[in-house]
Amino acid sequence: SGALEIPGLISIHPLVSFTMEPMKAHDFEAIHFITTYDGDLMEVLPGFRNVHHRIFSYEKAKYHALCVMAGNFSVILWQKIFSDLEKMGLSRESINPYLQSVFKNIEANPTNALTGPLARRDDLTIARNLNALAEDEFQEIYLSFLNLKYPQFFQQKEITQ
């Protein structure tokens, strides 16, 4: 388990998002594992050659919560984008390059991967975005992320068109 720690048991958690497709051996061997075990994993798992990193047991639940957020909350956002843009007539294939560019930006430089109005701190565009989402339940998500990244937006400005 990524979140559960049972005293006396060795746990290792794969830092990967699995799909329904069986994984090829070379892909499995590239997975980085997280463990709370203090000893040599090769002694208890002969032949285990994957890179692994030890965290403290008190960090395990937070580690897993972070994985759940990144691996699932982002999926929910992408499901929303695909659904709504397809309703606007865009094909899945036309959206895929955007998806790939976002992940390339994150992979290349996660610290500076923000783009568009958030990177520019373009308050007018952000306000327009929020107004466009006025009848959409995802406006709350937009506001939540905005408040996390730029709480001063709420302190200095009133959201208007």
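Here, every reference points to the structure presented above.
Residues numbered from 1 in each chain as written. Predicted model: local features only at pLDDT ≥ 70, side-chain atom pairs only at ≥ 80, totals over all residues. Heavy atoms only, no water.

## Let's talk about the side chain of Asn50
Okay, step 1: If you trace the backbone, Asn50 turns up in the loop between helix H2 (41–44) and strand S3 (52–54).
Okay, step 2: A distance of 2.8 Å separates a polar atom in the side chain of Asn50 from the backbone oxygen of Phe28.
Okay, step 3: A distance of 2.9 Å separates a polar side-chain atom of Asn50 from the backbone oxygen of Ile31.
Okay, step 4: What Asn50 contacts, discounting residues up to four positions off in sequence, is Phe28, Glu29, Ala30, Ile31 and Phe33. (Helix = DSSP H or I, 4+ residues; strand = E, 2+ residues; numbered from the N terminus. Polar contact = N/O pair within 3.5 Å; in protein donor to acceptor, adjacent residues only side chain to side chain. Contact = heavy atoms within 4.5 Å.)

## Description of a nonpolar patch on the surface
Okay, step 1: Together, Leu66, Val68, Met69, Phe73 and Ile76 make up an exposed nonpolar region whose accessible area comes to about 410 Å².
Okay, step 2: With relative accessibility at 44%, the residue Phe73 sits in the partly exposed group. (Patch = residues over 30% accessible without salt bridge, like charges linked within 9 Å, V, L, I, M, F, W, Y side chains within 5 Å. Areas by Shrake-Rupley, 256 points an atom, 1.4 Å probe, with all protein chains shown as cover. Salt bridge = Lys/Arg side-chain N within 4 Å of Asp/Glu carboxyl O. Buried < 20%, exposed > 50% of the residue type's maximum accessible area, 1.4 Å probe, protein only.)

## Focus on the pattern of salt bridges
Okay, step 1: Applying the stated rule across the entire model yields 6 salt bridges.
Okay, step 2: Across the pair Glu86 and Arg92 runs a salt bridge whose closest N-O atoms are separated by 3.1 Å.
Okay, step 3: Linked by salt bridges that have partners in common, Lys80, Asp84 and Asp136 make up one network.

## A look at unusual backbone geometry
Okay, step 1: Despite not being glycine, Arg121 shows a phi value in the positive range, around 55°.
Okay, step 2: Looking at the secondary structure, you find Arg121 in the loop between helix H5 (116–120) and helix H6 (123–132).
Okay, step 3: With relative accessibility at 52%, the residue Arg121 sits in the exposed group.

## Description of the sheet that holds strand S1 (residues 12–14)
Okay, step 1: Here we have 3 strands laid out as an open sheet, ordered S1-S2-S3, and mixed in their pairing. Unpaired on one side and paired on the other, S1 and S3 mark the two borders of the sheet. Averaged over all pairs of adjacent strands, the angle between their axes in this sheet comes to 25°, without regard to strand direction.
Okay, step 2: Sheet topology note: the S1/strand S2 (residues 33–35) ladder contains 3 bridges and is antiparallel. When the sheet's bridge partners are listed, His13 is paired in S2 with Ile34. (Pairing = 2+ DSSP bridges. Axes fitted to C-alpha atoms, helices over the stretch in contact; angles between N-to-C directions.)

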